[in-house]
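So the chains spell out like this:
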Amino acid sequence: MTAPLAPTLLRVIDELVPELLDVRRDLHAHPELSFAEHRTTAVLRERLQAAGLRPRSVSETGLVVDLGAENPRRRVALRGDIDALPVRERTGLDWSSTTEGACHACGHDVHTTALLGAALALAEVADELASREVAVRLVFQPAEEQMPGGALAYVKAGVMSGVDTVYAVHCDPSLDVGEIGLREGPLTAAADQVTVTLRGRGGHTSRPFLTEDLTYALGKVVTDVPAVLSRRVDPRSGLVVVWGRVTAGEAINVIPSTGVAQGTLRMLDVDLWEGIGDLFHEVVEEVAAPYGVAVAVEHIRGVPPVVNDAEAVAALGRATMAAGLRPVPTPHSLGGEDFAWMLHEAEGAMARLGTRTPGGRTFDLHQGDLVVDERAVRNGTALLTLAAAGEWTRVERD
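Calculation rules
Residues numbered from 1 in each chain as written. Predicted model: local features only at pLDDT ≥ 70, side-chain atom pairs only at ≥ 80, totals over all residues. Heavy atoms only, no water. Axes fitted to C-alpha atoms, helices over the stretch in contact; angles between N-to-C directions. Helix = DSSP H or I, 4+ residues; strand = E, 2+ residues; numbered from the N terminus. Left-handed = near helix turned anticlockwise from the far one by under 90°. Contact = heavy atoms within 4.5 Å. Nonpolar A, V, L, I, M, F, W, Y, C, P; charged D, E, K, R; others polar. Pairing = 2+ DSSP bridges. Phe/Tyr/Trp six-rings, centres within 6.5 Å; stacked < 30°, edge-to-face > 60°. Buried < 20%, exposed > 50% of the residue type's maximum accessible area, 1.4 Å probe, protein only. Lys NZ or Arg CZ within 6 Å of the ring centre and 35° of its normal.

Undergrad: In this structure, what is going on with the packing of helix 1 (residues 6–29) against helix 3 (residues 108–123)? I would like to understand it.
TA: Helix packing for two helices is described by the angle between their axes and how far apart those axes are. Across the interface, helix 1 lies against helix 3 with an axial gap of 9 Å and an inter-helix angle of 145 degrees. The handedness of the crossing between helix 1 and helix 3 is right-handed. Facing Leu9, Val12, Ile13, Leu16, Glu19, Leu20, Val23, Arg24, Leu27 and His28 of helix 1, the residues of helix 3 in contact are Asp109, Val110, Thr112, Thr113, Leu116, Gly117, Leu120, Ala121 and Leu122. Residue composition of the contact of helix 1 with helix 3, by class: 12 nonpolar, four polar and three charged.

Here it is as structure tokens:
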């Protein structure tokens, strides 16, 4: 067996850290929203080309880079999402967002920089990987924050063609920097959007019996649909319906003719996700039926659940230890993540990357005050790099 690559790669990564921090701060100061990541893409392209790599475009934004063997026995993909959120930054950092109304409130600047670091480190051992019949595909993906996600567009463009395993990381401000959260099975949930529109005869609130009391019916939909669904599906599926916007009427003494409830439909079970649309529609119709209102249901499928493969999680565990980091168990989340589309094409796993300064404040994602301990940049780089390099051990086992 040839010597492990980890010591060489870790040395290279530690040498890259100052440059990577500069890149991360630059990206953080210039956030770009989904499918508008033009400057981000240009910054990445320039640095990758300077390292002798040949990034290619799949869409107007984002990049894909291949290195290692041309005809590999195993191809591993590493994915990083590059878009920001339409959130105003409130951190006060020297490298705070200079883009009004946008910031990296989900840590994608860290994901992107870690992937860039992995590309630069793996470029140093590309010939070694090729000799071991391993190829690495680095995917700088746009638009994770826009359902159904840029990952789906990349999958349709063939980015996952020939990929055996795919890995990703996601910042987790509930974990200390140096900790890596690992979990087999469901990690994040399917996340769909639902809109229920009710219509009926309007009228005066003194005479509800002469109308379809639409506001009352809408209230029953809001409260009873989640309750009925909880008795129609296996509770282990993690199904939850939460309404975020409910609107009806303009005057306090007028029964309106239209009302709308909008929310999200989330679950951890892939099979349930495949058929939940018909069941949701059926339950809404049943709940609204006694009130004589007309019902329209719109169900927009978002992303499927991220379901981590056991062997891929084990590989991330080995990479975690080799990088000098601490593997810890992590709970599943009902948040959505478009990395799931890539897991429909190949086995793989997502790890949670600790970003909290030990003893410091626990921040929350998607909030403008999110502050990341920048040691997470090195840690994410090391984890992705060693996970990719570890694929040669699978070739040897085969």
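Undergrad: Where do I start with the sheet that holds strand 4 (residues 165–176) in this structure?
TA: The pairing of strands in a sheet comes from backbone hydrogen bonds and takes either a parallel or an antiparallel form. Across the sheet, seven strands lie side by side as 1-3-2-4-15-5-14; this open sheet has mixed pairing. Each edge of the open sheet carries a strand with a single partner, namely strand 1 (63–68) and strand 14 (326–329). This sheet shows a mean twist of 30 degrees between the axes of neighbouring strands, independent of strand direction. In this sheet, strand 15 (residues 347–356) lies alongside strand 5 (residues 179–182) in antiparallel orientation, the contact comprising two bridges. Directly across from Ile180, in strand 15, lies its bridge partner Leu353. Running at roughly 20 degrees to strand 1, helix 2 (residues 38–50) makes contact with strand 1 and strand 3 (134–141) of the sheet. Against the sheet, helix 3 contacts strand 1, strand 2 (74–81), strand 3, strand 4 and strand 15, and its axis sits at roughly 145 degrees relative to strand 2.

Undergrad: What exactly am I supposed to notice about the packing of aromatic side chains here?
TA: For the structure shown, the criterion picks out two aromatic pairs. Relative to Tyr291, the ring of Tyr216 lies with its centre 5.7 Å away and its plane at 65 degrees, an arrangement referred to as edge-to-face. Of this pair, Tyr216 sits in helix 6 (residues 214–232) while Tyr291 sits in the loop between helix 7 (270–288) and strand 12 (294–303), placing them 75 residues apart in sequence. Tyr216 gets classed as partly exposed once you look at its relative accessible area, which sits at 48%. When its relative accessible area of 24% is taken as the criterion, Tyr291 is described as partly exposed. Plain terms: the ring middles of Trp273 and Trp341 are 6.0 Å apart, the flat faces sit at 65 degrees to each other, and that makes the pair edge-to-face. In this pair, Trp273 sits in helix 7 while Trp341 sits in helix 9 (residues 339–343), placing the two residues 68 residues apart along the sequence. Summarising the burial analysis for this pair, Trp273 and Trp341 share the class buried. Lying over the aromatic face of Trp95, Arg25 brings its terminal NZ or CZ to 4.0 Å of the ring centre. Seen from the ring of Trp273, Arg301 lies directly overhead, with NZ or CZ sitting 3.7 Å from the centre.

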